[in-house]
2 protein chains.
Amino acid sequence: MKRTKIAQVLSAGQPEETHQICGWVRTRRDSKQGFSFIEMNDGSCMHGLQVIVDADVPGFSEIHKLITTGASLRVAGKLQESPGKGQRVEMLATEIELFGTADADTYPLQKKRHSFEFLREIAHLRPRTNTFGAITRVRNVLSAGVHNFFQERGFNYIQTPVITTSDCEGAGEMFQVTTLDLERLAQVKTEIDFSQDFFGKKASLTVSGQLEAEIFACSVGDCYTFGPTFRAENSNTTRHLAEFWMIEPEMPFYDLNDNMELAEEFIQYLMKTVLEKAPADLEFFNQRIEKTVLETIHQIAETPFERVPYTTAIEILTSCDEKFEYPVEWGNDLQSEHERFLTEKHFKKPIILFDYPRSIKPFYMRCNDDGKTVRAMDVLVPRIGEIIGGSQREERLDVLEARMKECDLDPEEYWWYLDLRRFGSVPHSGFGLGFERIVQLVTGMQNIRDCIPFPRTPKNASF
Amino acid sequence: MKRTKIAQVLSAGQPEETHQICGWVRTRRDSKQGFSFIEMNDGSCMHGLQVIVDADVPGFSEIHKLITTGASLRVAGKLQESPGKGQRVEMLATEIELFGTADADTYPLQKKRHSFEFLREIAHLRPRTNTFGAITRVRNVLSAGVHNFFQERGFNYIQTPVITTSDCEGAGEMFQVTTLDLERLAQVKTEIDFSQDFFGKKASLTVSGQLEAEIFACSVGDCYTFGPTFRAENSNTTRHLAEFWMIEPEMPFYDLNDNMELAEEFIQYLMKTVLEKAPADLEFFNQRIEKTVLETIHQIAETPFERVPYTTAIEILTSCDEKFEYPVEWGNDLQSEHERFLTEKHFKKPIILFDYPRSIKPFYMRCNDDGKTVRAMDVLVPRIGEIIGGSQREERLDVLEARMKECDLDPEEYWWYLDLRRFGSVPHSGFGLGFERIVQLVTGMQNIRDCIPFPRTPKNASF
């Protein structure tokens, strides 16, 4: 007899069926009549299965005392209708086997609630809690949603490299990757010789797969990346990770409007997917973590996004009565407080800002004819602010080269990127989305460190 | 009018329909009657669409000379039945627009065949060739297949970390990750102080996500990783990459037999998926790259895998007439020549070897009662040899601790891994598969550097 997952038993199991389940004990309660109620969870869903074990089940009396919170069991038995509320069926055990114990004095996950800070220190056990089990399942539903969205539309998944010898985007501080003997390097006074390093050059961890994705957009067509990216920034905030997963679609023959349309469709698809596939987990987040989670997800899923030129947004911000900490001025980047005011209070829905000043945007964004702005776009959503950044790319070789000089970049370093414009250049667009931001949006978790299995932050890369 | 992808036109387009296509010129041929035949490709499929442009199409005479191999175009027109063989429909252009030229004297991809070595040096253009277009599409089909296989079975996708401060598996040489100023470190004679480094400790790039995946197997249940892993080994072979993608499923309540069953089902699923989703690309590989590709894929998809104890394999190898370069002896690891003899010549089908000597396998594999072997398994397939390695994991705390000492490992370094056995331990199993090996198997490409978008190897991390 094979194991049935508890999610399956709870959703489709019928009275009189026999099943075998395996999992971990959440609680045990003994009745005076000589039987025990054991709530079993196997991580396949939020809810546990109630198992009733009579004292005469073979072997039960020997292991009875060891069945404590966190212990692991195999139970076979027959399903029956449950008189308890909130559960359709329960299991009457006929066999029970103890896999492993969890000593009540030392097992860190007892019934009481633990702080998220504490749980981060035991990240190897936190997926056994309700909150982190739910985050794991929701993260999985979102990951699968990302792939399904693009696969359904004929996009190719491209695994762009993690190790790179070019600092192309200049998007942020980079981690260095080396096989040089650092202990020895420190002890002997010398000049460093990167030609002796593994890659024969100074190498780093990528900050973005965009430029490589453009290669594939300009050959096999619509494509997307979904992989880890890195920032060596010493920022201890609830919004930043040194290692995080990014999704970067890139599409030939898309102008900025096509790009905005795809971004909106993508975000709405993810919201609908999680509503459909993880309703019980979302209910939990809405009750226990953040009361507005469900409302926000529904709003994003169902409301067309407002498209607003950056210049209009500046006018709104300078003429409104809101007091901001940071000044608002045309030519400056918007701060989180400005973005949240626009999406949460002014428009009260997701918005897409576009046509940003070229002085605050990277070299690869397409220049508008006004000489002042570029075809950039940012998608802003309630409670999170910016969730997507993208642009139409500059496909004109001469304009791109001029922009690179303006940005103090050496065109020779970008020879291959320029080649894409030199040979069969096409209009194209793309955007990037930090995956953990979406997890944060959907779960309502305050700290992004709780939205990834093992967060990497300054002074921490444990597990 | 939106763009229609050429794959769509070729598979479903009907005469008299009007479409707009965008893409790159493969060839142009001018007739004496004043019209041109242009073969257009947009990367959505192997085949191109034949476009016929009459001299009187507006603007055509001005751009006619610029329509050379590699130039990019937008063409609108009407479909008609094609008299040519190998194509159902062709397009009669009514509008044509040139996006970008590709100077015939400098564009590196002319009609002649290029060596794969040369194409590696222009990895930003190689996806525009038939071979690398096909590899990209097949890689995408396999990637989507990996996710679908596990998602259909209720597995959770877990993104395990790339940066790690523990060298847990000891599976290979590791790259170091640092933000220390290496130039300065070299110039000043000092002791290195990793407490000043970004993570406050010596940090590296992961060699495997298995141990972290076990955390999730022992909490939320069946799970898998699919992400980049790294080996800083200075091996210049056609089988090794410094950065490659690994798939590592991990399942609670699975013994070695369950593990073997899943591995076989997984490989067969991938073979069937690629046969179904990429027939034209496979046909190309079979004709142009490796004549046995289709036969091998079919054989793997359709033949039950033979399960053979390691000890039996040694008996076969020592009693056969084959001459081997490396000696065969119980207790030694098998060499590639041995593996290929067993799968290609002796059994003539995929095989799963199991119960390997414990002295040649890592600490985490479950010890058999014989005191000599562990519950390891390797899946071997024709032409590639080992494609999967896995095991039932050691779930007994005391046995695991003893094994770690035997392997000279410090249990304190593995405190969290041991905790999984200390609290609610369960029997579990898993395996690992190098994704590029599967791409190599399916495409027949000789060199694994051609099976990943941008290969990282000693002295090379370009693009």
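Residues numbered from 1 in each chain as written. Chains lettered and ligands numbered in written order. Predicted model: local features only at pLDDT ≥ 70, side-chain atom pairs only at ≥ 80, totals over all residues. Heavy atoms only, no water.

The name given to chain A in an unreviewed UniProt entry is Asparagine--tRNA ligase, with the source organism recorded as Polystyrenella longa. If you open the UniProt record of chain A and go to Catalytic activity (unreviewed entry), you find "tRNA(Asn) + L-asparagine + ATP = L-asparaginyl-tRNA(Asn) + AMP + diphosphate + H(+)". The heading Subcellular location (unreviewed entry) in the UniProt record of chain A holds the text "Cytoplasm". (UniProt positions renumbered as here; feature names shortened; annotations may be inferred.)

As a further point, take helix α10 (residues 310–319) of chain B. It helps to recall that an α-helix has 3.6 residues per turn; residues three or four apart then point in one direction. All names here are of chain B. Buried residues of α10: Tyr310, Ala313, Ile314, Ile316 and Leu317, and no others. Down the axis of α10, the smallest arc covering the buried residues is 160°, so these residues share one side. Exposed and oriented more than 90 degrees from the buried face of α10 are Thr318 and Ser319. (Buried < 20%, exposed > 50% of the residue type's maximum accessible area, 1.4 Å probe, protein only. Helix = DSSP H or I, 4+ residues; strand = E, 2+ residues; numbered from the N terminus. Arc of directions from axis to C-beta.)

Residue and element names in this part refer to chain A. Of all 8 residues making up strand β15 (residues 385–392), 6 are buried, and the element is well covered by its neighbours. Between the antiparallel neighbours strand β14 (residues 373–381) and β15 lie 3 residues, among them Arg383 with a positive phi of about 75°. Of the pairings in the sheet, the one linking β15 to strand β16 (residues 428–434) comprises 5 bridges and is antiparallel in character. Across the sheet, residue Gly389 finds its bridge partner in β16, namely Gly432. (Pairing = 2+ DSSP bridges.)

Next up on the list: the relation of the copies chain B and chain A. Relative to chain A, chain B is turned by 180° and slid 0.0 Å along the rotation axis, the superposed coordinates differing by an RMSD of 0.0 Å. Such a combination of rotation and displacement between the chain copies is what one expects of a two-fold axis. Interface overlap between copies is the fraction of interface residues in one copy that are interface residues in the other; for chain B against chain A it reaches 100%, indicating a shared surface. (Least-squares fit on C-alpha atoms with pLDDT ≥ 70 in both. Contact = heavy atoms within 4.5 Å.)

All names here are of chain A. Per the domain assignment, the segments making up chain A are domain 1 (6–100) and domain 2 (126–451). Just the C-alpha atoms count here: the centres of domain 1 and domain 2 sit 45 Å apart. If you look at the interface, domain 1 gives 7 residues, while domain 2 gives 7 residues. Summed over both sides, the interface between domain 1 and domain 2 buries roughly 550 Å², with carbon and sulfur atoms accounting for 47% of that surface. Inspection of the domain 1/domain 2 interface yields 0 salt bridges. Inspection of the region where domain 1 meets domain 2 yields 3 residue pairs in polar contact (both at pLDDT 80 or more). (Domains from an automatic or database assignment. Buried area = accessible area lost by both parts, 1.4 Å probe. Salt bridge = Lys/Arg side-chain N within 4 Å of Asp/Glu carboxyl O. Polar contact = N/O pair within 3.5 Å; in protein donor to acceptor, adjacent residues only side chain to side chain.)

A few words now on the interface of chain B and chain A. At the interface, 120 residues of chain B touch 120 residues of chain A. Across the chain B to chain A interface the summed buried area is about 9200 Å²; carbon plus sulfur atoms make up 61%. Contact with chain A buries area across many residues of chain B, yet Gln159, Phe198 and Phe423 of chain B alone supply 8% of it, more than any other trio. Put simply, chain B and chain A have 8 salt bridges between them. With a shortest N-O distance of 2.7 Å, Lys5 of chain B and Asp222 of chain A are connected by a salt bridge. Where chain B meets chain A, there are 53 residue pairs in polar contact (both at pLDDT 80 or more). In terms of residues, the side of chain B that touches chain A owes the most to one element, helix α4 (residues 130–152) of chain B, which gives 10 residues. Grouping the amino acids of the side of chain B that touches chain A by side-chain chemistry returns 55 nonpolar, 39 polar and 26 charged. Sheet topology places strand β8 (residues 176–178) of chain A next to strand β8 (residues 176–178) of chain B; 3 bridges connect them, and they run antiparallel. (Nonpolar A, V, L, I, M, F, W, Y, C, P; charged D, E, K, R; others polar.)

Moving on, we get to the environment of Asp56 of chain A. Following the sequence through the fold, Asp56 of chain A ends up in the loop between β3 (49–54) and α2 (60–63). Each C-alpha atom, one on Asp56 of chain A and one on Gly34 of chain A, is 8.9 Å from the other, the two residues being 22 residues apart in sequence.

With the rule as written, the count across this model stands at 62 aromatic pairs over all chains. Relative to Phe463 of chain B, the ring of Trp416 of chain A lies with its centre 6.0 Å away and its plane at 65°, an arrangement referred to as edge-to-face. Here Phe463 of chain B lies in the segment after α14 (435–443) and Trp416 of chain A lies in helix α13 (residues 415–422), a pairing that spans two chains. Classification of Trp416 of chain A by relative accessible area gives buried; the value is 2%. Arranged with centres 5.7 Å apart and planes meeting at 80°, the rings of Phe35 of chain B and Phe37 of chain B form a pair that is edge-to-face. Overall, the relative accessible area of 18% leaves Phe37 of chain B in the buried class. Members of the aromatic cluster, each reached through a chain of ring pairs, are Phe149, Phe150, Phe155, Tyr157, Tyr224, Phe266, Tyr269 and Phe431 of chain A together with Phe226, Trp245 and Phe435 of chain B. The ring of Tyr356 of chain B carries Lys361 of chain B above its face, with NZ or CZ at 4.3 Å from the centroid. The ring of Tyr417 of chain B has Arg421 of chain B lying over it, and the distance from NZ or CZ to the ring centre is 4.1 Å. (Phe/Tyr/Trp six-rings, centres within 6.5 Å; stacked < 30°, edge-to-face > 60°. Lys NZ or Arg CZ within 6 Å of the ring centre and 35° of its normal.)

To continue, consider the sheet that holds strand β14 (residues 373–381) of chain B. Residue and element names in this part refer to chain B. Read across the sheet, 8 strands follow the order β6-β10-β11-β16-β15-β14-β13-β12 without closing on themselves; strand pairing throughout is mixed. The two strands at the open ends of the sheet, each matched to only one other strand, are β6 (156–157) and β12 (306–309). In this sheet, β14 lies alongside strand β13 (residues 351–357) in antiparallel orientation, the contact comprising 6 bridges. Bridge pairing links Ile351 to Leu380 in β14. α10 contacts β12 and β13 of the sheet and is inclined by roughly 85° relative to β12. (Axes fitted to C-alpha atoms, helices over the stretch in contact; angles between N-to-C directions.)

Our next topic: helix α14 (residues 435–443) of chain A. Among the 9 residues in α14 of chain A, 9 count as buried, and that is most of the element. Once α14 of chain A ends, the next one or two residues include Gly444 of chain A, with phi positive near 80°.

Here the focus is the side chain of Asn140 of chain B. Counting through the fold element by element, Asn140 of chain B comes out in helix α4. Asn140 of chain B sits in the buried class, given a relative accessible area of 7%. A polar side-chain atom of Asn140 of chain B sits 3.4 Å from a polar atom in the side chain of Asn156 of chain A. Setting aside anything within four residues of it in sequence, one finds Asn140 of chain B in contact with Gln151, Phe155, Asn156 and Tyr157 of chain A.

Once that is clear, we can look at the pattern of salt bridges. One pass over the structure, following the stated rule, counts 60 salt bridges over all chains. One salt bridge connects Lys2 of chain A with Glu261 of chain B, and the closest N-O pair in it is separated by 3.8 Å. Separated into two different chains, Lys2 of chain A in the segment before α1 (6–12) and Glu261 of chain B in helix α7 (residues 256–277) make up a pair that spans both. Since its relative accessible area comes to 56%, Lys2 of chain A is described here as exposed. We classify Glu261 of chain B as partly exposed; its relative accessible area is 41%. Between Arg396 of chain A and Glu394 of chain A there is a salt bridge; the shortest N-O distance is 2.7 Å.

Moving on, we come to the pairing of β14 of chain B. Residues and elements named next belong to chain B. Most of β14 sits inside the fold, with 9 of its 9 residues counted as buried. Alignment of β14 against strand β15 (residues 385–392), held across 6 bridges, turns out to be antiparallel. Within β15, the position partnered with Leu380 by the bridge is Glu386.

On the basis of which strands lie adjacent, the open sheet formed by 6 strands has the order β7(A)-β9(A)-β8(A)-β8(B)-β9(B)-β7(B) and antiparallel pairing. Bordering the open sheet on either side are β7 (163–164) of chain A together with β7 (163–164) of chain B, each of which pairs with just one other strand. Sheet topology note: the β8 of chain A/strand β9 (residues 203–205) of chain A ladder contains 2 bridges and is antiparallel. For Gln176 of chain A, the partnering residue across the bridge sits in β9 of chain A and is Ser204 of chain A.

Here we take up the packing of α7 of chain B against α14 of chain B. All names here are of chain B. At a closest axis distance of 12 Å, the pairing of α7 and α14 adopts a crossing angle of 50°. By the criterion of interaxial angle, the relationship of α7 to α14 is oblique. As for the relative orientation of α7 and α14, their crossing is right-handed in sense. Of the residues in α14, those in contact with Ile267, Leu270, Met271 and Val274 of α7 are Ile438, Leu441 and Val442. Each residue belonging to the contact of α7 with α14 can be placed in one class, and the counts come to 7 nonpolar, no polar and no charged. (Parallel < 35°, antiparallel > 145°, perpendicular 65-115°, else oblique. Left-handed = near helix turned anticlockwise from the far one by under 90°.)

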